[in-house]
Amino acid sequence: MSITALGPYEFKSRDAVENYKGKQLMYVNWEKHRMFSRPFVIAVEPSLKFSELIEKFVTPAYEFHPDFAQIDWSKVVWQNSNTPFTPQLDKSLAENGVGHKDLIRFTTPGLDGLNGIGY
């Protein structure tokens, strides 16, 4: 059965960046670590340094995972959605090209989740 739209839908998005008082939403996911079922969503200032993102948000979110203490941050592979990138830790999220509702994914070579099964 086909569906026909009755017309253009015009509405203001409730999660537009303008609605977050100077902050932006972003998602963070540790790939192959499904102990956490979904990416974490956080509201942060675009001026936040990438190193502060790791220290203030990523670490508290994931530090309970048994693999976390073994992360070699110099070997982490980063992606913004599906695009690989190398963040500059001393630069802001905005300067690293991280925008509103972006998904930051990180993979830790050699650490493949609980018992190495990607969970």
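### Structural notes on the overall build of the protein
- Secondary structure summary: the protein contains one helix and five strands in total.
- Relative to its full complement of 119 residues, the protein shows a buried share of 34%.
- In the protein, once contacts between residues fewer than 6 apart in sequence are set aside, the share between residues at least 24 apart is 68%.
- Approximately 7900 Å² of the protein is accessible, and the part contributed by carbon and sulfur atoms is 54%.
- Distance between charge centroids for the protein: 4 Å, based on 13 positive and 14 negative side chains.

### Thoughts on the sheet that holds strand 3 (residues 77-80)
- Spatially, five strands are ordered 2-1-5-3-4 in an open sheet, and the strand pairing comes out mixed. Strands with a single pairing partner mark the edges of an open sheet, and in this sheet they are strand 2 (40-44) and strand 4 (83-85). Adjacent strand axes in the sheet meet at a mean angle of 30° when their direction is disregarded.
- Bridge analysis of strand 3 against strand 4 gives three bridges, and the strand direction is antiparallel.

### What to know about the nonpolar core
- Met26, Phe50, Leu53, Tyr62, Trp78, Leu93 and Phe106 are the most contacted members of the largest nonpolar core, which has 23 residues in total.
- Contributing elements (two or more residues each) for this core: strand 1 (24-30), strand 2, helix 1 (50-62) and strand 5 (102-107).
- Per-element tally for this core: the top contributor is helix 1, with six residues.
- With residues up to four places along the chain from it excluded, the contact list for Phe106 reads Val28, Asn29, Trp30, Glu31, Val58, Tyr62, Ile71, Trp73, Val76, Val77 and Trp78.

### Description of the environment of Ala61
- Inspection of the secondary structure assignment puts Ala61 in helix 1.
- Between the C-alpha atom of Ala61 and that of Tyr20, which follows or precedes it by 41 residues, the distance is 21 Å.

### Here we look at the confidence of the model for the protein
- Of all residues in the protein, 99% attain a pLDDT of 70 or more, and the chain-wide mean is 92.
- Between the elements of the protein, mean pLDDT differs from a low of 96, seen in strand 2, to a high of 98, seen in strand 3.

### Points about a nonpolar patch on the surface
- Side chains of Leu6, Tyr9 and Phe11 sit close together on the surface and give an oily, nonpolar patch of about 500 Å² of accessible area.
- Its place among the elements puts Tyr9 in the segment before strand 1.

### Details of the pairing of strand 3
- Relative to strand 5, strand 3 is paired through four bridges, and the arrangement is antiparallel. Residue pairing across strands places Gln79 opposite Arg105, the latter belonging to strand 5.
- Taking the residues that link successive antiparallel strands as the turn, the strand 3-strand 4 hairpin has two residues, and the phi of Ser81 there is positive, at about 60°.

### A few points about the environment of Tyr27
- Note that Tyr27 resides in strand 1.
- In this structure the C-alpha to C-alpha distance between Tyr27 and His100, which are 73 residues apart in sequence, comes to 9.3 Å.
- The residues contacting Tyr27, other than those within four sequence positions of it, are Pro39, Phe40, Val41, Lys101, Asp102, Leu103 and Ile104.

Thresholds applied
- Residues numbered from 1 in each chain as written.
- Predicted model: local features only at pLDDT ≥ 70, side-chain atom pairs only at ≥ 80, totals over all residues.
- Heavy atoms only, no water.
- Helix = DSSP H or I, 4+ residues; strand = E, 2+ residues; numbered from the N terminus.
- Buried < 20%, exposed > 50% of the residue type's maximum accessible area, 1.4 Å probe, protein only.
- Contact = heavy atoms within 4.5 Å.
- Areas by Shrake-Rupley, 256 points an atom, 1.4 Å probe, with all protein chains shown as cover.
- Lys, Arg positive; Asp, Glu negative; His and termini not counted.
- Charge placed at Lys NZ, Arg CZ, Asp CG, Glu CD.
- Pairing = 2+ DSSP bridges.
- Axes fitted to C-alpha atoms, helices over the stretch in contact; angles between N-to-C directions.
- Core = buried A, V, L, I, M, F, W, Y, C linked by side-chain atoms within 4.5 Å.
- pLDDT = per-residue confidence, 0-100.
- Patch = residues over 30% accessible without salt bridge, like charges linked within 9 Å, V, L, I, M, F, W, Y side chains within 5 Å.
- Salt bridge = Lys/Arg side-chain N within 4 Å of Asp/Glu carboxyl O.

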